[in-house]
Amino acid sequence: MSKHDHLYTREDWPHIPGSTRRRRAFRPDAVEFDCDVVVVGSGAGGAVVAAELAEGGLDVIVVEEGGHHPTESFTPDSADAIRRLYRDGGAIMALGAPPVTYSEGRCVGGSTVINGGMTWRTPEKILGRWAREDWVEQIRAEDMDSTFSRVERMISAQHQDPWTVGRDNRLLQEGALKKSWDVIPNIRNQFHCAGTNNCAFGCPTGAKRSTLVTYIPRALNFGARVLSNCRVDRVTSKGKRITGVEGHVVTQNARDGFPFRIHARRVVLSAGAIHTPGILFRSGVHSPSGRLGHNLSLHPNVKVTAVFDEEIRGWEGTHQAYQVREFQNEGLVFAAVNIPPSIAAMTLPFYGAELRDLMHDYPRMVIAGMLLEDTETGRVRNAAGKPLATYQLSDFDAERLVRGTALLSEMLFDMGAKRIVLPFEGIPDLKSGDDVKRLYAQKIPKECMELVTVHMMGTCAMGGDRARHVCDSWGRVYDTEGLLVADASLFPSPIGVNPMETIMALATRVAAQILSEGRQPTRLYA
Amino acid sequence: MSLATSEYLGIAELSGKELEKIMLRGGTPEPKDLAGWEYRGLNIAFWASRSPIEKFIKGFYLGQGREAGLVMGYNEPVVQNGPENPWIAKPSDADPKRFGFYRMERVDPAAKDNEYLHAVLLDYGKGGNFALDPAARLRDYLVQVEPGSNERLLGKAYLAIGPARIKSNYFLLERHKETSWVRPS
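Keep in mind the model is a prediction, meaning the values are calculated, not measured.

## Re the overall build of chain B
Part 1 of the argument: Assigned secondary structure in chain B consists of 3 helices and 8 strands.
Part 2 of the argument: Across chain B, helices and strands are ordered from the amino to the carboxyl terminus as α-α-α-β-β-β-β-β-β-β-β.
Part 3 of the argument: Taken along the three principal axes of its C-alpha coordinates, chain B extends 40 × 40 × 30 Å.
Part 4 of the argument: When contacts within chain B are restricted to residue pairs at least 6 apart in sequence, long-range pairs at least 24 apart make up 56% of them.

## Quick look at the side chain of T276 of chain A
Residue and element names in this part refer to chain A.
Part 1 of the argument: Tracing the sequence through the fold places T276 in helix 7 (residues 272–282).
Part 2 of the argument: Judged by its relative accessible area of 0%, T276 falls in the buried class.
Part 3 of the argument: If we skip the residues at most four places from it in the chain, T276 touches L269, S270, A271, C460, V485, D487 and S489.

## Quick look at the packing of aromatic side chains
Part 1 of the argument: Applying the stated rule across the entire model yields 20 aromatic pairs over all chains.
Part 2 of the argument: For the pair F327 of chain A and F334 of chain A, a centre-to-centre distance of 5.7 Å together with 45 degrees between the ring planes defines the contact as tilted. Comparing F327 of chain A with F334 of chain A, the two get one shared label, buried.
Part 3 of the argument: Between Y74 of chain B and F101 of chain B, the aromatic rings sit 6.5 Å apart at their centres with planes inclined by 55 degrees, giving tilted as the arrangement. Here Y74 of chain B, found in strand 3 (residues 71–77), pairs with F101 of chain B, found in strand 4 (residues 99–106); they are 27 residues apart in sequence, far enough to count as distant. Like Y74 of chain B, the residue F101 of chain B is buried in the burial classification.
Part 4 of the argument: Three or more aromatic residues joined by ring pairs form one cluster here, namely W13, F33, F258 and F260 of chain A.

## Some details on helix 1 (residues 46–55) of chain A
Residue and element names in this part refer to chain A.
Part 1 of the argument: Burial within helix 1 is extensive, with 10 of its 10 residues counted as buried.
Part 2 of the argument: G46, A47, V48, V49, A50, A51, E52, L53, A54 and E55 are the residues of helix 1 that are buried.
Part 3 of the argument: Looking at the residues trailing helix 1, positive phi occurs at G57, about 100 degrees.

## Details of the confidence of the model for chain B
Part 1 of the argument: In the predicted model, chain B carries a mean pLDDT of 94, and the fraction of residues at 70 or more is 99%.
Part 2 of the argument: In the predicted complex, the global pTM is 0.92; the interface-specific ipTM is 0.85.

## Notes on the interface of chain B and chain A
Part 1 of the argument: In this assembly, 12 residues from chain B lie in contact with 13 residues from chain A.
Part 2 of the argument: The largest share of the area that chain B buries against chain A comes from L24, R25 and P109 of chain B, three residues that together contribute 48% of it.
Part 3 of the argument: The interface formed by chain B and chain A includes 2 salt bridges.
Part 4 of the argument: A salt bridge links R25 of chain B to D465 of chain A; its shortest N-O distance comes to 2.6 Å.
Part 5 of the argument: Along the contact surface separating chain B from chain A lie 7 residue pairs in polar contact (both at pLDDT 80 or more).
Part 6 of the argument: Here the side of chain B that touches chain A is composed, by residue class, of 5 nonpolar, 3 polar and 4 charged.

## Some words on the sheet that holds strand 2 (residues 55–62) of chain B
All names here are of chain B.
Part 1 of the argument: The strand order 1-2-3-4-5-6-7-8 describes a closed barrel built from 8 strands, whose pairing is antiparallel. Neighbour-to-neighbour, the strand axes of the sheet open up by a mean angle of 30 degrees, direction not taken into account.
Part 2 of the argument: Sheet topology places strand 4 next to strand 5 (residues 120–123); 4 bridges connect them, and they run antiparallel. What sits directly across from E105, in strand 5, is L121.
Part 3 of the argument: Sheet contacts for helix 2 (residues 16–25): strand 1 (37–44), strand 6 (138–144), strand 7 (152–161) and strand 8 (164–178); angle to strand 7, the most-contacted strand, approximately 100 degrees.

Procedures and definitions
- Residues numbered from 1 in each chain as written.
- Chains lettered and ligands numbered in written order.
- Predicted model: local features only at pLDDT ≥ 70, side-chain atom pairs only at ≥ 80, totals over all residues.
- Heavy atoms only, no water.
- Helix = DSSP H or I, 4+ residues; strand = E, 2+ residues; numbered from the N terminus.
- Contact = heavy atoms within 4.5 Å.
- Buried < 20%, exposed > 50% of the residue type's maximum accessible area, 1.4 Å probe, protein only.
- Phe/Tyr/Trp six-rings, centres within 6.5 Å; stacked < 30°, edge-to-face > 60°.
- pLDDT = per-residue confidence, 0-100.
- Buried area = accessible area lost by both parts, 1.4 Å probe.
- Salt bridge = Lys/Arg side-chain N within 4 Å of Asp/Glu carboxyl O.
- Polar contact = N/O pair within 3.5 Å; in protein donor to acceptor, adjacent residues only side chain to side chain.
- Nonpolar A, V, L, I, M, F, W, Y, C, P; charged D, E, K, R; others polar.
- Pairing = 2+ DSSP bridges.
- Axes fitted to C-alpha atoms, helices over the stretch in contact; angles between N-to-C directions.

Have a look at this one:
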């Protein structure tokens, strides 16, 4: 039996083992399935829930909108990877002034296939705040310790082998140490990473332990079925009791293929903070709190591009090896993140000869980014059946982004940078430390800021209050029976660090809760 | 004869928005724990103080005969003397009139009456009332004001007219006295 015996792609339809065509099917060509739990999405949330439940003895079907792309298909061809692995070409806008460009994975393994692999536990102060202000049960650091440990074992969370750290990351580390800033080596979900710097386009060696190579094979091994290239249109229900999902196969040209219906007592939505509320809206689910789709946090990122005299060769070495945590209390975290030349060229604020000349310096570039723990929240709305995100950066957050940019630039000049291209449209490049001093004092209009993010959170916030939260402490959607959420939508607030491990830990909790209230699990957690 | 507590009267003063928050945050009463108790009741609505049903008593009992195993309940009319004064059943405390019977059950998510899944439902349609009795149209949801305590309960009444459910008003209950009354089968 191959390890992919229960993983199906669009080519396998309609002859999927275990499916039926019922006489009274909702559509004559529909294929129907029965199972205990349907999990929508196969990323950091969905794959974890599926594996835990399958291991617990439940019959699980995972529905993933993207395709199945195994490790051996990953190459440095970023254009091809973006087409195959990202939703909508990796550039979707949260509308606002400035708009925020966000990216999501759409493939088996979800965003864990294309993320940088940073594996951080949720900060204690955040867990404390969730317990105190959002009345989330059993969420304090001491309650979560064993759950985090389990996740870390599953995905091989550990420090990078030192010889895989590239010059750009060494420079960030040395710069931070020179200024006596707190800088820490990243913990990543990797096992002897080769430092190919291809994390964002699928790890070609399998060293990054995304759910594609960890939780999904585990789920399959315990009998779960994975339907890739299948989009869930809506959750079905009788009254407020959930009965399953309906959807269709996504064809090669993105048209609707075979319709399907899956009958299940429970549905777990793990489609991310944009699409999970989208599915709930389409399904007519209303939260008594009126907060479904609200509370969207983004961790807005900006990047600076520094040009040095020395050759940096940023493409050598791992994606991110260090984080500067000196300003974490202000909600700012810095990292060096090399991006391939095609994408770097696309995101630089130049064109023509100017862009050509700058790209000529690509081997001498250090691209450093900054994550902001935002204080403003946006919203996901239902726009003709599709989720639409809106987000307005607050003045306070904008000021912190400018301060962070100035701090980062100051450090890069200290390390010998000759020129720094800013993420603020219309603001001239920095040429020296004096320019940085002017930047501190300068009022930068928010509209000029080029913001990106890969951390969408909070749109189905969990908590102990039906009047304020969409889900309870265990991911159950209030005012429904059998409907749960297990992804970053659950976060009651932004967490200020990369969210993958937090999502996985919450998904583990959700699975444990389902097992505790469902039929007796065949195996208990270690 | 006990009077309503100040907490009870305080809750009755809250706005509709605040009462809805209590409805959403309230705990789920266990029907069997309410059996054998009568509660003093107060309708909370702009019309209530001018109506003959501002105050009432609700009782709960374990059913017998055909109702065996179910928790049932009834209403009693009381003297309308304002919330600050004692609840005095009519025609007398010793032998009150009982009417508006209901069955108390957990809310079924798949049923028509599923407005608050964490509440218990007082279904007057299943209370054995006459078919033409207007009371048979009532559907009440009940939650604990302080989760874990049955001392005070908040209710929300709906009118069932065919398939439609029309929101009526909130009402507040406070534990009044024990009772051993059971409807004769």
